[in-house]
Amino acid sequence: MVLVASVLWTNLAWFGHLLGGAAIFETLHENIHGVSGSVANPAVGMAGLLASPSRGLLVFSPWLLVAGLARWTSASPYRALLRLCAMGAFLQLVAYACYSVWWGGHTYGPRYALDALPLFVPLVALGVDRLRRPSGLAWFAVATTWSVLVAAGGAFAYPADAWNTD
């Protein structure tokens, strides 16, 4: 409690706001990003978080969709755990989708959506088992190869921010 109080007092003393410097950045959104306020249409944010060419989770990790759908369509003794993980990931993505600057600055990849990835792990792990058929393995291999190549493109393409500014 003392630590929290000292951080809040320091933020108030230095920045004039309990949230510290973050409050100042939030006021700059209209000038820098062309959005009014911190809260936006969650449908637009969700579409961007999942399908944006430079930030979409499913663009960078399409294996989530392949393995997740394979698992979701089958009965499982872990159904309650899968639902809980899916609900947690969904709520995490909705929270970020409501933020007007959902793209997370000049980054390559799904910066905000990465926080939800651990919640997808049980779903994907159980889904991979279902993909034992050759066609399922082929789709998973294509999706995983795509993920690696897209990530490598961001790591080795120079100038690194050209994709974000052009």
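Rules and cut-offs
- Residues numbered from 1 in each chain as written.
- Predicted model: local features only at pLDDT ≥ 70, side-chain atom pairs only at ≥ 80, totals over all residues.
- Heavy atoms only, no water.
- Core = buried A, V, L, I, M, F, W, Y, C linked by side-chain atoms within 4.5 Å.
- Buried < 20%, exposed > 50% of the residue type's maximum accessible area, 1.4 Å probe, protein only.
- Helix = DSSP H or I, 4+ residues; strand = E, 2+ residues; numbered from the N terminus.
- Contact = heavy atoms within 4.5 Å.
- Axes fitted to C-alpha atoms, helices over the stretch in contact; angles between N-to-C directions.
- Parallel < 35°, antiparallel > 145°, perpendicular 65-115°, else oblique.
- Left-handed = near helix turned anticlockwise from the far one by under 90°.
- Nonpolar A, V, L, I, M, F, W, Y, C, P; charged D, E, K, R; others polar.
- Phe/Tyr/Trp six-rings, centres within 6.5 Å; stacked < 30°, edge-to-face > 60°.
- Expected span 1.5 Å × (residues − 1).
- Arc of directions from axis to C-beta.
- pLDDT = per-residue confidence, 0-100.

Caption draft 1: Layout of the nonpolar core. Leu-49, Leu-57, Leu-64, Leu-93, Ala-116, Leu-117 and Phe-120 are the most contacted members of the largest nonpolar core, which totals 16 residues. Taken together, the elements giving at least two residues each to this core come down to helix H4 (42-51), helix H7 (79-97) and helix H8 (117-130). If we skip the residues at most four places from it in the chain, Leu-57 touches Leu-49, Leu-50, Pro-62, Leu-64, Pro-110, Ala-113, Leu-117 and Phe-120.

Caption draft 2: Seen up close, the packing of H7 against H8. Here H7 crosses H8 at 135°, and the two axes come no closer than 8 Å. Between H7 and H8, the interaxial angle falls into the category oblique. Two packed elements cross with a definite hand, and for H7 against H8 that hand is left-handed. In this structure, H7 contributes Leu-81, Leu-82, Cys-85, Gly-88, Ala-89 and Leu-93 to the contact, and H8 contributes Leu-119, Phe-120, Pro-122, Leu-123 and Leu-126. Residue classes in the contact of H7 with H8 are distributed as ten nonpolar, one polar and no charged.

Caption draft 3: Molecular detail of the packing of aromatic side chains. Taken as a whole and judged by the stated rule, the model has two aromatic pairs. A ring pair is formed by Tyr-99 and Tyr-112, whose centres lie 6.3 Å apart and whose planes are at 65°; its orientation type is edge-to-face. Here Tyr-99, found in the loop between H7 and H8, pairs with Tyr-112, found in the loop between H7 and H8; they are 13 residues apart in sequence, far enough to count as distant. According to the relative accessible area criterion, Tyr-112 is buried, its value standing at 17%.

Caption draft 4: H7, seen in detail. Taking 1.5 Å of rise per residue, the 19 residues of H7 would be expected to cover 27 Å, and the 26 Å separating its terminal C-alpha atoms lies within 8% of that figure. Turning to H7, its buried residues number three or more, namely Leu-82, Cys-85, Ala-89, Leu-93 and Ala-97. Summarising the axial view, the buried residues of H7 lie within an arc of 110°, below the 170-degree limit, and thus occupy one face. Those residues of H7 that are exposed and angled more than 90 degrees off the buried face are Ala-80, Leu-84, Leu-91 and Ala-95.

Caption draft 5: View of the environment of Val-124. Along the polypeptide, Val-124 turns up in helix H8. Separated by 61 residues in sequence, Val-124 and Trp-63 place their C-alpha atoms 8.1 Å apart.

Caption draft 6: Representation of helix H9 (residues 134-156) in the model. Here H9 spans 32 Å end to end across 23 residues, near enough to the 33 Å set by a 1.5 Å rise per residue. The set of residues buried in H9 consists of Gly-136, Phe-140, Ala-143, Ser-147, Val-150 and Gly-154.

Caption draft 7: Layout of the confidence of the model for the protein chain. Scored by pLDDT, the protein chain comes out at a mean of 81, with 87% of its residues at no less than 70. The weakest mean pLDDT in the protein chain belongs to helix H10 (residues 162-165) at 63; the strongest belongs to helix H1 (residues 2-15) at 92.

Caption draft 8: View of the side chain of Ser-100. Secondary-structure assignment places Ser-100 in the loop between H7 and H8. Excluding its chain neighbours within four sequence positions, the residues that come into contact with Ser-100 are His-29, Val-35, Gly-37, Ser-38, Val-39 and Ala-40.

Caption draft 9: Spatial organisation of the packing of H4 against H7. H7 packs onto H4 with a crossing angle of 115° between their chain directions and a minimal axis gap of 8 Å. In this structure, the crossing between H4 and H7 has a hand that is right-handed. Residue-level contacts link Pro-42, Gly-45, Met-46, Leu-49 and Leu-50 of H4 to Phe-90, Leu-93, Val-94, Tyr-96 and Ala-97 of H7. The residue makeup of the contact of H4 with H7, split by class, is nine nonpolar, one polar and no charged.

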